[in-house]
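# Per-entry structural report
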Amino acid sequence: MDYTLTLNVAPADLEIINGAQQKIALAKPVGNSKVDVIWLAFDPFESNTIQWSEEYWLYASTAAVGKSGEKITKLSEVQPGPAMNGSIYPFSNNATFGTPVKSPDVATDTFAAVNNMSYEKYPALTFGLAQSAQVNQEIQDRKPLSASSVLATQSIQITPFTHVYIWLEGHFESSTIITDITGLKSVAKFGGGINEIAMSYDGKSGSFHQ
């Protein structure tokens, strides 16, 4: 695994969090967009370990981007994965991703797709990146971490970041679109040689700190 995030919660705080039926939620930003998808949400333990590699899958869905609480169901996904960066994946009228084409217009750290689904079938579809992780030794397979509406004939480029946002979430599960984060979010700044971060929950501030 490329990255490891350890989140520690004191027993007294854990009792309060579980009593309120809240989960630890993680999200990752892409490009210039704000965080709009809960990547992972899980019941906390005293020590929580999340591990992942920088591998991504492009997906397509009919989920409504602007609807908070909308669960993303991936209808199509690049096969085989993970997706190739610096390339454009055509999404066909048959609702499948075709062979990627290298493009000088797509940066090496960016993933791209063009929506060739006919307007008559779907005037717009939702595209995004998905990423796998291991949460407390349980595999969370290819969970969506971004979602953007793409009109028929249009294309999208998505540049993932390595930063991870962390907060306590009382309403929504993994792979859910959110329009606003209600909890105080902390940021684990991976990258630049940093691939392991440990943080602890502080009940007074309601957030995680290094």
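Let us look at the structure shown here. (Residues numbered from 1 in each chain as written. Predicted model: local features only at pLDDT ≥ 70, side-chain atom pairs only at ≥ 80, totals over all residues. Heavy atoms only, no water.)

In this structure, L5, L26, I50 and I166 are the most contacted members of the largest nonpolar core, which totals 51 residues. A per-element tally of this core places strand β11 (residues 124-135) first, with 6 residues. Each residue touching L5, except ones within four places of it in the same chain, is listed here: L26, N48, T49, I50, W52, V164, I166, A188, F190, I197 and M199. A25, A27, V35 and I181 belong to the second largest nonpolar core, which has 9 residues in total. (Core = buried A, V, L, I, M, F, W, Y, C linked by side-chain atoms within 4.5 Å. Buried < 20%, exposed > 50% of the residue type's maximum accessible area, 1.4 Å probe, protein only. Helix = DSSP H or I, 4+ residues; strand = E, 2+ residues; numbered from the N terminus. Contact = heavy atoms within 4.5 Å.)

Let us look at the sheet that holds strand β8 (residues 87-91). Strand order in the open sheet formed by 4 strands is β9-β8-β10-β14, with mixed pairing between adjacent strands. Looking along the sheet, the strands with just one partner apiece sit at the ends: β9 (101-102) and β14 (155-158). Pairing of β8 with β9, which is carried by 2 bridges, proceeds in the antiparallel orientation. By the bridge assignment for β9, S87 is matched with K102. (Pairing = 2+ DSSP bridges.)

Among the structural elements, Y3 can be located in strand β1 (residues 3-8). A C-alpha to C-alpha distance of 9.0 Å links Y3 and G191, two positions 188 residues apart in sequence. Residues contacting Y3, with those up to four places away along its chain left out, are I50, Q51, W52, E54, T162, F190, G191, I194 and N195.

Glancing now at the sheet that holds strand β17 (residues 186-188). One open sheet accounts for 4 strands, arranged β4-β2-β15-β17; its pairing is antiparallel. In this open sheet, the two strands that pair with only one neighbour each are β4 (40-42) and β17. When the angles between neighbouring strand axes are averaged without regard to direction, this sheet yields 25 degrees. Two strands pair when backbone bridges link them, and strand β2 (residues 23-27) and β4 are joined in this way by 3 bridges, in the antiparallel orientation. Directly across from I24, in β4, lies its bridge partner F42. (Axes fitted to C-alpha atoms, helices over the stretch in contact; angles between N-to-C directions.)

A full pass over the atoms with the stated rule returns 6 salt bridges. With a closest N to O distance of 3.1 Å, D43 and K23 form a salt bridge. Within this pair, whereas D43 is found in the loop between β4 and β5 (47-52), its partner K23 is found in strand β2, the two being separated by 20 residues in sequence. Residue classification places K23 among the buried residues on the basis of a relative accessible area of 17%. Salt bridges here are not isolated pairs; linked through shared partners, they connect K74, E77, D141 and R142. (Salt bridge = Lys/Arg side-chain N within 4 Å of Asp/Glu carboxyl O.)

Glancing now at the packing of aromatic side chains. How two aromatic rings sit relative to each other is given by the distance of their centres and the angle of their planes. Enumeration according to the criterion identifies 10 aromatic pairs in this entry. Pairing Y3 with F190 gives two aromatic rings, centres 5.3 Å apart and planes at 70 degrees, and the pair type is edge-to-face. Pair noted here: Y3 is in strand β1 and F190 is in the loop between β17 and β18 (196-202), with a separation of 187 residues, a long-range link. By relative accessible area, which is 12% here, Y3 ends up buried. Classification of F190 as buried rests on a relative accessible area of 3%. (Phe/Tyr/Trp six-rings, centres within 6.5 Å; stacked < 30°, edge-to-face > 60°.)

What follows deals with unusual backbone geometry. A cis amide bond links Q79 with the next residue in sequence, P80, at an omega value of -10 degrees. Examined against the element boundaries, P80 turns out to sit in the loop between β7 (76-77) and β8. Omega for the peptide link from G81 to P82 comes to 0 degrees, which places this bond in the cis form. On the secondary structure map, P82 appears in the loop between β7 and β8.

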